[in-house]
Amino acid sequence: MEVLRYVLPHVLAGCLAGVVASVGMVATNIGSLRDLVLNTQGGWIAFALLTFGLVVTFGSIAIGGAIMTIGSREDW
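Throughout this description, residue numbers start from 1 for each chain and increase along the sequence as written. Where totals are concerned, whole chains, interfaces and linings use all residues; where local detail is concerned, this predicted model gives features only for residues with pLDDT of at least 70, and gives and counts side-chain atom pairs only at 80 or more. Hydrogens and waters are ignored; side-chain quantities use all the structure's heavy atoms.

Time to look at the environment of T40. On the secondary structure map, T40 appears in the loop between α2 (33-39) and α3 (43-68). The class of T40 is partly exposed, set by a relative accessible area of 38%. Along the primary structure T40 and G53 are separated by 13 residues, whereas in three dimensions their C-alpha atoms are 20 Å apart. Identification of polar contacts relies on pairs of N or O atoms within 3.5 Å, with a donor-acceptor requirement for protein atoms, meaning one able to donate a hydrogen and the other able to accept it, and with residues adjacent in sequence counted only if both atoms are side-chain atoms. Within polar-contact distance, the side chain of T40 engages the backbone oxygen of L36 at 2.4 Å. Labels follow the DSSP assignment, with helices taken as runs of H or I lasting at least four residues and strands as runs of E lasting at least two, numbered in each case from the N terminus. Categorising residues by exposure relies on relative accessible area from a 1.4 Å probe, with only protein chains included: less than 20% of the type maximum marks a residue as buried, more than 50% marks it as exposed, and the intermediate range marks it as partly exposed.

The subject of this paragraph is a nonpolar patch on the surface. For patches, a residue must show more than 30% relative accessible area and have no salt bridge; joins then use 9 Å for like charges and 5 Å for nonpolar side chains, namely Val, Leu, Ile, Met, Phe, Trp and Tyr. The protein chains shown are the only cover counted for residues, whose accessible areas, like all others here, come from Shrake-Rupley with a 1.4 Å probe. Put simply, a salt bridge is a Lys or Arg side-chain nitrogen that is within 4 Å of an Asp or Glu carboxyl oxygen. Taken together, the side chains of W44, I45 and L49 present a nonpolar region at the surface, about 380 Å² in accessible area. Looking at where W44 falls in the secondary structure, it is placed in helix α3.

A positive phi angle, close to 60°, is found at N29, a residue other than glycine. Structurally, N29 can be placed in the loop between α1 (2-27) and α2. For N29, a relative accessible area of 24% gives the class partly exposed. The backbone of S32 shows a phi angle near 60°, a positive value even though the residue is not glycine. Within the element layout of this structure, S32 appears in the loop between α1 and α2.

Here the focus is α3. In this model, α3 (26 residues) spans 38 Å end to end at C-alpha, consistent with the 38 Å of a helix rising 1.5 Å per residue. Of all the positions in α3, only G43, T51, L54, V55, G59, A62 and A66 are classed as buried. Buried residues along α3 sit against α1 and α2. To estimate how far a helix should reach, multiply one less than its number of residues by 1.5 Å. We call two residues in contact whenever any of their non-hydrogen atoms come within 4.5 Å of each other.

Moving on to α1. Since the α-helix advances by 3.6 residues per turn, residues separated by three or four positions end up pointing in the same direction. For α1, spanning 26 residues, the distance from its first C-alpha to its last is 38 Å, which sits close to the expected 38 Å at 1.5 Å a residue. By the burial criterion, the buried members of α1 are V7, G14, G18, S22 and V26. On its buried side, α1 packs onto α2 and α3. Following α1 by one or two positions, N29 adopts a phi angle in the positive range, close to 60°.

Our next topic: the environment of A13. As for its placement among the helices and strands, A13 is situated in helix α1. A13 sits in the partly exposed class, given a relative accessible area of 46%. A13 sits 39 residues away from F52 along the chain, and the two C-alpha atoms are 15 Å apart.

Set out below in structure tokens:
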């Protein structure tokens, strides 16, 4: 349980970073993403898939980094 209490904030921070990255990419119109989202039918699906992919990626990176910094059992 102690490990979950340590890892959970890292996962939430990674997921939040994924959402911020997807919103930032659409807001700055990188690769015409804003045009895709706003001007095509079902553009919200593209935004949802982009956001989901980035949340999974950034969340996985955050949890991996948190687990790797735990250390050995003797350090506890």
